[in-house]
Amino acid sequence: MTTSAPAHAPLGSIPPDLRCAADYELLAPRFMALPSHEYVAGGCGRDVTVAANLAAFAQWTVYPRLLRDVSAGHTRLSIAGVPFDHPVLLAPVAFQKLAHPHGEIETARAANAMQACMVGSTLSSCTLEQVAAAAGPQRWFQLYFQPRREDTRALLERAAAAGYQAIVVTLDAAIQTAGARALKAGFRMPPDCAPVNLLGQQGPAAIELDPEDSRIFQGAMRNAPTWADLSWLMAQTALPVWVKGVLHPDDAVALRDAGVAGIVVSNHGGRSLDGAPASLDALPAIRAALGAGYPVLFDSGIRSGTDIFKALALGADAVMIGRLQIYALAVAGALGVAHMIRLLREELEVCMALAGCATLDQIGPENLMRRPC
Ligand SMILES: Cc1cc2nc3c(=O)[nH]c(=O)nc-3n(C[C@H](O)[C@H](O)[C@H](O)COP(=O)(O)O)c2cc1C
């Protein structure tokens with residue numbers, strides 16, 4: 001068995017004991033090889049931020065409200081002027097063949113069926129063209145800057161030619177250190193799970209380090225993007241450019257002022273800087289700094305529709321789902337991902353209805369109470 005082989009083949013049906021979206025997280029270990037599961041579930045370092053993401057949601061409770069008529073309720077919204085049926089997007093998640101033999105193609109089919117926007121990763125294990133062919137009209141492309149500008153530009157051109165509607169450039173992962181859980185499980189990327197979008201690239205020019213040089217500053221960070229690279233990027237494409245990985249209000253304001261279409265408040269699901277704040281804890285200050293109206297997406301730690309409600313209440317316009325999408329993919333392929341999205345929508349609707357909110361724009365901080373210490 002390779003590290004990518006699932007413990008059991010994905011089901012063609014939904015397990016009968018699966019009652020809520022979070023159940024996919026509980027069931028996934030049965031359907032994934034242990035090292036692959038640990039790679040997906042873990043974060044970086046000691047998983048301090050992974051834990052913080054989940055704990056942050058538990059600190060908030062939702063006030064039930066009585067006697068409000070929500071019978072005309074719905075979850076429609078517009079994001080940067082584009083209409084969506086619901087506020088659930090699929091976050092970019094690399095190497096999905098770790099969870100399913102067809103990888104991102106299954107996820108894209110589910111997104112299409114559920115009118116969900118899928119954000120395809122630069123590091124997908126199917127090509128961005130294959131993902132585009134299976135995804136719905138709302139598909140966005142997540143970009144990692146490549147060491148050579150011509151390679152970054154080539155990805156932008158391929159994304160535009162394949163009909164992606166926006167570029168989401170991820171800026172919080174210039175270095176990613178291995179996570180303890182993946183290391184402990186002996187995870188190694190299997191050969192059938194390659195970053196196929198990057199095949200044919202020359203790779204970075206070799207970096208010669210002097211003995212006194214740092215492996216990090218003069219090594220890994222030498223090719224890391226800067227503000228100048230972001231300006232260059234925005235001049236290369238006619239597509240709207242979003243930035244993913246924002247946690248500081250000053251960065252959020254500077255990005256808006258630089259002309260970025262919108263931001264994703266995210267700590268990469270705890271996979272980048274171990275010790276970064278929970279994304280949910282960072283969200284209110286970012287919304288306050290930006291004011292109403294500027295597009296803000298959110299991810300990191302969402303496991304239920306009530307979590308989505310809390311993120312919207314604290315300032316997000318919509319959310320992106322990371323690990324749950326992979327767990328659902330592992331359990332039941334496209335059907336599982338579609339079912340997971342439907343469950344999240346219904347859980348959100350139940351929460352909205354009982355909180356007395358008929359529409360997303362009625363959800364605000366006044367719907368939440370901080371859990372007493
Ligand atoms: C296995 C895995 C791979 C990921 N790959 C990418 C990626 O290629 N690009 C990216 O911007 N984010 C990537 N992310 C981060 C997700 O987009 C998202 O920020 C995170 O998963 C949200 O947290 P959650 O998993 O708690 O929902 C990855 C996350 C996981 C778990």
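Being a predicted model, the structure only gives us computed values, none of them experimental. (Residues numbered from 1 in each chain as written. Predicted model: local features only at pLDDT ≥ 70, side-chain atom pairs only at ≥ 80, totals over all residues.)

## Side note on the environment of Met-32
So, step 1. By the secondary structure assignment, Met-32 is in the loop between α1 (23-27) and α2 (34-41).
So, step 2. Residue Met-32 is classed as buried on the basis of its C-beta count, with 29 C-beta atoms lying within 10 Å. (Helix = DSSP H or I, 4+ residues; strand = E, 2+ residues; numbered from the N terminus. Buried ≥ 20, exposed ≤ 12 C-beta atoms within 10 Å, placed from the backbone.)

## A short note on the nonpolar core
So, step 1. Leu-89, Val-265, Ala-316 and Val-319 are the most contacted members of the largest nonpolar core, which totals 111 residues.
So, step 2. Per element, the largest residue contribution to this core is 19 residues, and it comes from helix α13 (residues 323-354). (Core = buried A, V, L, I, M, F, W, Y, C linked by C-beta atoms within 7 Å.)

## Some points on helix α12 (residues 305-313)
So, step 1. Counting buried residues in α12 gives 9 out of 9 residues, a clear majority hidden from the surface.
So, step 2. Among the residues of α12, Gly-305, Thr-306, Asp-307, Ile-308, Phe-309, Lys-310, Ala-311, Leu-312 and Ala-313 are the ones counted as buried.
So, step 3. Just downstream of α12 lies Gly-315, where phi reads positive at about 130 degrees.

## Digging into the packing of helix α4 (residues 104-113) against α13
So, step 1. Closest axis-to-axis distance for the α4/α13 pair is 7 Å, and the angle between their directions is 15 degrees. One element, α4, and the other, α13, form an angle in the roughly parallel class. For the pair α4 and α13, the crossing hand works out as left-handed. Taken together, the residues of α13 that come into contact with α4 (itself represented by Glu-106, Thr-107, Arg-109, Ala-110 and Ala-113) are Gln-325, Leu-329, Gly-333, Ala-334, Val-337, Ala-338 and Ile-341.
So, step 2. Classifying every residue of the contact of α4 with α13 by side-chain character gives 7 nonpolar, 3 polar and 2 charged. (Axes fitted to C-alpha atoms, helices over the stretch in contact; angles between N-to-C directions. Parallel < 35°, antiparallel > 145°, perpendicular 65-115°, else oblique. Left-handed = near helix turned anticlockwise from the far one by under 90°. Contact = placed C-beta atoms within 7 Å. Nonpolar A, V, L, I, M, F, W, Y, C, P; charged D, E, K, R; others polar.)

## Regarding the pairing of strand β7 (residues 167-170)
So, step 1. A two-sided burial pattern is seen for β7, the buried positions comprising Ile-167 and Val-169 on one face and Val-168 and Thr-170 on the other.
So, step 2. Both strand β6 (residues 139-143) and β7 contribute to a ladder of 3 bridges, which runs parallel. When the bridges of β7 are listed, Leu-143 appears paired with Val-169.
So, step 3. With respect to chirality, the unit in which β6 leads through helix α6 (residues 149-161) into the neighbouring parallel β7 is right-handed.
So, step 4. Bridging between β7 and strand β8 (residues 241-246) involves 4 bridges; their strand directions are parallel. Paired with Val-169 across the bridge in β8 is Val-243. (Pairing = 2+ DSSP bridges. Right-handed = clockwise from strand over helix to strand, strands pointing away.)

## Some details on the packing of helix α10 (residues 249-257) against helix α11 (residues 279-290)
So, step 1. It is the contact of α10 with α11, at a shortest axis distance of 8 Å, that shows an interaxial angle of 40 degrees. Here α10 lies oblique to α11, going by the angle between them. Between α10 and α11 lies a crossing of right-handed hand. Seen from α10, the contacting residues are Pro-249, Ala-252, Val-253 and Arg-256; seen from α11, they are Ala-285, Ile-286, Ala-289 and Leu-290.

## Remarks on the pairing of β8
So, step 1. The buried count for β8 comes to 6 of 6 residues, which makes it a mostly enclosed element.
So, step 2. Here β8 runs beside strand β9 (residues 262-265); their pairing, made up of 4 bridges, is parallel. Among the inter-strand pairings, Trp-242 is bridged to a residue of β9, identified as Gly-262.
So, step 3. Tracing the backbone out of β8, into α10 and back to the parallel element β9 gives a crossover that is right-handed.

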